[in-house]
Amino acid sequence: MSKKITIDPITRLEGHGKIEIFLDDQGAVTDTFFQIPELRGFERFVVGRPIEELPRIVTRICGVCPASHHMASAKAVDGCFGNEVAPLAHKLRDMYYHAHFIHSHIAHFYALAAPDFVMGPDADPAVRNILGVVHKVGLEIGGAVIGARGKAQEIQRIIGGRNNQDIWCLPGGVAKGLKQDELEQIAPWVDELYDFTQFSLQLFRDIVLANEAYVDIIVNGPYTLDVHNMGLVDENNAPNFYHGKVRVVDYEGNEICKYEQHEYRDYVAEHIEPWSYLKFPYLKQRGWKGYVEGIDSSLYCATPLARLNVADRMATPKAQEAFEEMCSVIGHPSKLLLGNHWARLVEMVQNAEMLKQYCADPEITSDEFRVIPQQITGEGFGIVEAMRGTLTHHYTCDENAICTSANLIVGTTNNNAPIQMVTKKVAQTLIQPGKEPDQGILNMVEMAFRAFDPCYSCATHSLPGEMPLQVSIFKGGEPYREFRRCC
Amino acid sequence: MPEKLQIAIYWGAACGGCDVSVLDTNEFILDVDALCDVRLWPIAVDGKYKDVEAMADGELDVAIMNGAVRNSENEHIAKLLRQKSKIFVAYGSCAYMGGIPSLANLTSRDAIFETLFMANPSIEPGNRTVPLPVSKVGGHQLELPRFYERVYALNQIVDVDYYVPGCPPVPSQCKAAILALVQALTGQAPAPPKGAVVGAFERALCDDCPRTRTQEKKIKRFYRPWEIMQDPDVCLMEQGIFCAGIATRSGCGVRCPKSGIPCRGCYGPAPGVVDQGAKLISAVSSIIDSKDPDEIDRILETLPDFTSFANRYSVATSLLQRSHGQ
Amino acid sequence: MTFEPKIVGFLCNWCSYTGADLAGTSRIHYAPNLRIIRVMCSARIDPTFVIKALAEGADGVLIAGCHPGDCHYSEGNYKTMRRYPLLKKLLRDYGIEEERVRLEWVSASEGHLFADLVNEMTEQVRALGPSPVKSGLALDMAER
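What counts, and at which threshold
- Residues numbered from 1 in each chain as written.
- Chains lettered and ligands numbered in written order.
- Predicted model: local features only at pLDDT ≥ 70, side-chain atom pairs only at ≥ 80, totals over all residues.
- Helix = DSSP H or I, 4+ residues; strand = E, 2+ residues; numbered from the N terminus.
- Buried ≥ 20, exposed ≤ 12 C-beta atoms within 10 Å, placed from the backbone.
- Contact = placed C-beta atoms within 7 Å.
- Axes fitted to C-alpha atoms, helices over the stretch in contact; angles between N-to-C directions.
- Parallel < 35°, antiparallel > 145°, perpendicular 65-115°, else oblique.
- Left-handed = near helix turned anticlockwise from the far one by under 90°.
- Nonpolar A, V, L, I, M, F, W, Y, C, P; charged D, E, K, R; others polar.
- Pairing = 2+ DSSP bridges.
- Core = buried A, V, L, I, M, F, W, Y, C linked by C-beta atoms within 7 Å.
- Expected span 1.5 Å × (residues − 1).
- Domains from an automatic or database assignment.
- pLDDT = per-residue confidence, 0-100.

Take the overall build of chain B next. From N to C terminus, chain B includes ten helices and ten strands. Taken along the three principal axes of its C-alpha coordinates, chain B extends 65 × 60 × 30 Å. Looking at the 326 residues of chain B, the share that counts as buried comes to 56%. When contacts within chain B are restricted to residue pairs at least 6 apart in sequence, those whose partners lie at least 24 apart make up 74%.

Dropping the structure here:
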């Protein structure tokens, strides 16, 4: 019986990671460590760059959610120019962002998550993937999935020029508007996408909710945590992915705090461990308490489920219906982390309905999509909801609009501690003492993080490679000098 | 001998965008599935490192790796995949040239650490420690890859057979490149010459850009993209807006200038160009309308931080590769 | 053993190379550290050549052309003049010290000036020490 089980690399997510599971002599799981081995250092190498270049550089933090970084960055850059933005630009950006949300959620649900439910969590790894799913559900459905994703991407590309590695936002607005013929091209696709969201919900009902074993895993399984929830909401406490206030609600439904973009440092702080490059955010006012659940925990999730947990309602009617159906099964707020897969589908309905609203907006094809900024104010904040959690960009620049600092707290980073905890919980539940776990069991351990749709390339922190050392020199009892290395 | 081609798709210091670009070939992914067994592709498929370690040398027909080499794990897996594959492809700007992560080569590992840990405003006292290659927690030993002093492109670490440029490569080019490899491996067409850039054209971006250009490109100042309302039909450089297209390989469909945004060079140097940044020095200088050194300096002040425009995606493979200062 | 800098000199045929020739025929002694490459005009100097010289181990690079207004091809040296600031900027950001790369105007009759220039530049580069490029890249390899 092994003393250590390593899952390396973790798969069907974005980014690098490995899970180390330690066992005692009887074969029971004593500890698990979810380690993130990657780091690139964006917050350092964007310093010195013209601030308007950052929205095109930070997209390379993540190629799955570049639009999220682009939007958060654009908002922070706008702040550096006194927040003078053409009003139409905000509408266009929101429209573009809804299209992005749809194809990103489709990709996660069908390519990354669905294999566990369609093929089965312990299926042969060779077929437990999007290709196996397409074979099993048939080319008609497979083609519909690929087609829907393609259409949402094309809508994004038509509005803003690219469907990946976004380029479109500038200080004061966006680089191009939406022309009438472009609008006429995308309007029918929006309707098709709405239909696809309904199709996806029905598929979820047929494949997951109709399967007692799956419902049992979702409702009674170990994929649950007593930690809190974070998400962006509008003035009605409905989700808004592009702009709003950050709301944190505990798992019993009580609001813990609500803050504006520029206040984030008063509410969120980060903890570091020596065994992962990724930091561990927590609620600053409660202080770091370690990996503990409970009503006093300082940990929170920022995920689609968390967003719907902090929301009192959805922003659009059909999404509201889908939301109510979901809540009736998994509760509101819900601690059932596999409910994230359902929450994604509910969000897609709001994305589609919002797209339809924008298509009907008579102003949407106006050419007043950018203004020339008149002042450089030197600091800006941008918080958006990435598909996988609340994303914060905070920049400063000098009087020539050259970046002097950047601080980022990224979507998946918020979930680092919860993912640690639920991975351990699931490993301890599923790995039986004395029985070597097969690949199916290990895959079920991976299903714990997969519900969060993590994006570890979004992790951007560094390693110096040396032991921390602090030397304080006192002269005559008074502090004289201090030397530090790596701390 | 298996009927299907055995392939691996892997990421180094990457963002995932290149893996997504393969998925963006839409229905073509089903053709790939019909032709190939994908043995490793962490974004989509459950193959693990131990599965690759168990392969025979050359068992993979093609290994397609994106992302740069930033740490010891990236290097280790790049070398492992090179050993286990017949053809090794560097896919995307990071693999080809170091990419955006190689902007870190203009700073240093210590500076990254200083910014992200020592000066980071989000860390409270008592929570400040440092990730380490080896750490001990509760009696267990845990390991992390070593973060190198600088970023490397793949050909600085392993022998690369082909390059597919772009950040990310456009899906039509991804498809063209994969098809070219499949045809070469199945004997239907000769293989491209080793070291070739595939999935792109043998000309500069300007040759395919629809904007109008005159012979007389002469400017008295540069404009940052937010400073003016640009004319969408005229060459950006002629309007004083820096665009790297002039020294950049075409193949992307001119996706950025067509949308009102200047090129930043992600497809790498145009054919025949050794160092994209060095060429851009010439290109930018040649449009400055002045013979007076002071006026030239004033004009160049309107284009701050030229260095990050010169080698935006290619610091690692620029001639100097990284900053050599203190 | 004293460090002997290797300095590459790109000299234009009509003025600066002829000026260097004059220093030679006049039997003026000056530092032997310059390796001269003759080009027809300083405008022939692609910044790539300068950067490549540094990458290949040159401790310094001198670019010399005709005085502004005297270019044999009328305007070539203005092109050189326009390229130089951006070249210096890029080199600065890549950590190459200011004194390692210089642009100077030397006419065909300025043999003494040329000799003085080479002496001065040699001592400046000697004081800086060997170029950091090759040793830096070697250190990178070593840590892996």
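This part takes up unusual backbone geometry. In the segment running from Asp8(A) into Pro9(A), the intervening peptide bond is cis, with an omega of 0°. Among the secondary structure elements, Pro9(A) is positioned in the loop between strand 1 (4-7) and strand 2 (18-23). Of note, the amide linkage connecting Cys167(B) to Pro168(B) takes the cis form, showing an omega dihedral of -15°. Positive phi, normally seen in glycine, also occurs at Ala401(A), with a value near 60°. Relative to the elements of secondary structure, Ala401(A) occurs in the loop between strand 13 (389-397) and strand 14 (403-409). Unusually for a residue other than glycine, Asp305(B) sits at a positive phi of about 55°.

Here we take up the packing of helix 9 (residues 293-301) of chain B against helix 3 (residues 76-93) of chain C. The interhelical angle for the contact between helix 9 of chain B and helix 3 of chain C, taken along N-to-C directions, is 45°, at an axis separation of 10 Å. As the angle between them shows, helix 9 of chain B and helix 3 of chain C are arranged oblique. For helix 9 of chain B against helix 3 of chain C, the interelement crossing comes out right-handed. For the pair helix 9 of chain B and helix 3 of chain C, contact is made by Pro293(B), Ile296(B), Asp297(B) and Leu300(B) and by Met81(C), Arg82(C), Pro85(C) and Leu86(C), respectively. Of the residues that constitute the contact of helix 9 of chain B with helix 3 of chain C, the class distribution is six nonpolar, no polar and two charged.

At the interface, 29 residues of chain C touch 30 residues of chain B. Every element with two or more residues in the side of chain C that touches chain B is listed here: helix 2 (47-55), helix 3 and helix 5 (132-143) of chain C. The greatest single-element share of the side of chain C that touches chain B, amounting to eleven residues, is contributed by helix 3 of chain C. A breakdown of the residues in the side of chain C that touches chain B according to their chemical character gives 16 nonpolar, three polar and ten charged.

This part covers the sheet that holds strand 14 of chain A. All names here are of chain A. Spatially, 12-13-14 is the arrangement adopted by the three strands of the open sheet, whose pairing is antiparallel. Either end of the sheet is taken by a strand with one partner, and the two such strands are strand 12 (379-386) and strand 14. Adjacent strand axes in the sheet meet at a mean angle of 15° when their direction is disregarded. Sheet contacts for helix 3 (residues 66-80): strand 12 and strand 13; angle to strand 12, the most-contacted strand, approximately 155°.

As a further point, take the sheet that holds strand 5 (residues 85-91) of chain B. Residues and elements named next belong to chain B. One open sheet accounts for six strands, arranged 2-1-3-5-9-10; its pairing is parallel. Each edge of the sheet is formed by a strand with only one pairing partner; in this case those strands are strand 2 (36-40) and strand 10 (196-197). The pairing of strand 3 (residues 60-66) with strand 5 spans six bridges and is classified as parallel. Bridged to Val-62 within strand 5 is Ile-87. Contacts from helix 7 (residues 171-185) reach strand 1 (5-11), strand 3, strand 5 and strand 9 (162-164), with the element oriented near 160° to strand 9.

Locating Phe22(A) in the fold gives a position in strand 2. The spatial distance from the C-alpha of Phe22(A) to the C-alpha of Ala427(A) is 9.9 Å, given a sequence separation of 405 residues. With near-sequence residues (within four places) excluded, Phe22(A) lies in contact with Lys3(A), Lys4(A), Thr30(A), Asp31(A) and His140(B).

This next bit is on the nonpolar core. Within the largest apolar cluster, 313 residues are counted, with the highest numbers of intra-cluster contacts made by Val346(A), Ala8(B), Ala63(B), Met65(B) and Val61(C). With 18 residues, helix 4 (residues 87-118) of chain A is the single largest residue contributor to this core. Not counting residues within four places of it along the chain, the set of residues in contact with Met65(B) comprises Tyr10(B), Gly12(B), Ala78(B), Leu81(B), Ala90(B), Tyr91(B), Ala95(B) and Leu154(B).

Here helix 3 of chain C is 18 residues long and its end C-alpha atoms lie 27 Å apart, about the 26 Å a rise of 1.5 Å per residue gives. Where burial is concerned, most of helix 3 of chain C is hidden: 15 out of the 18 residues are buried.

Here we take up the domain arrangement of chain B. Residue and element names in this part refer to chain B. Split into domains, chain B comes out as domain 1 (5-100 + 150-197), domain 2 (108-149) and domain 3 (205-310). A separation of 31 Å is found between the C-alpha centroids of domain 1 and domain 2. Facing the five residues of domain 1 at the interface are five residues of domain 2. Listing elements by their share of the side of domain 1 that touches domain 2, those giving two or more residues are strand 4 (69-71) and helix 4 (72-84).

The predicted model of chain B averages 93 in pLDDT, with 99% of residues at 70 or higher. Within chain B, the element-level pLDDT minimum falls on helix 6 (residues 109-118) of chain B, averaging 82, and the maximum on helix 5 (residues 93-97) of chain B, averaging 98.

Another point: the interface of chain A and chain B. Listed per partner, the contact involves 80 residues of chain A and 73 residues of chain B. For the side of chain A that touches chain B, the element with the most residues is strand 9 (residues 268-271) of chain A, which contributes four residues.

Turning our eyes to something else, we now look at helix 8 (residues 276-286) of chain B. Taken across its eleven residues, helix 8 of chain B has ten buried, putting it largely inside the fold. Taken together, the buried positions of helix 8 of chain B are Gln276(B), Gly277(B), Ala278(B), Lys279(B), Leu280(B), Ile281(B), Ser282(B), Ala283(B), Val284(B) and Ser285(B). Those residues of helix 8 of chain B that are buried are in contact with helix 10 (306-310) of chain B together with helix 2 and helix 3 of chain C.

Our next topic: the arrangement of the chains. For this structure, the chain pair with the highest number of contacts among two pairs of chains in contact is chains A and B. There is a clear gap between chain A and chain C: no contact, and 11 Å between their nearest C-alpha atoms.

A word on the environment of Glu53(B). Structurally, the position occupied by Glu53(B) is in helix 3 (residues 49-53). Accessibility expressed as a C-beta count within 10 Å gives 10 for Glu53(B), which makes it exposed.

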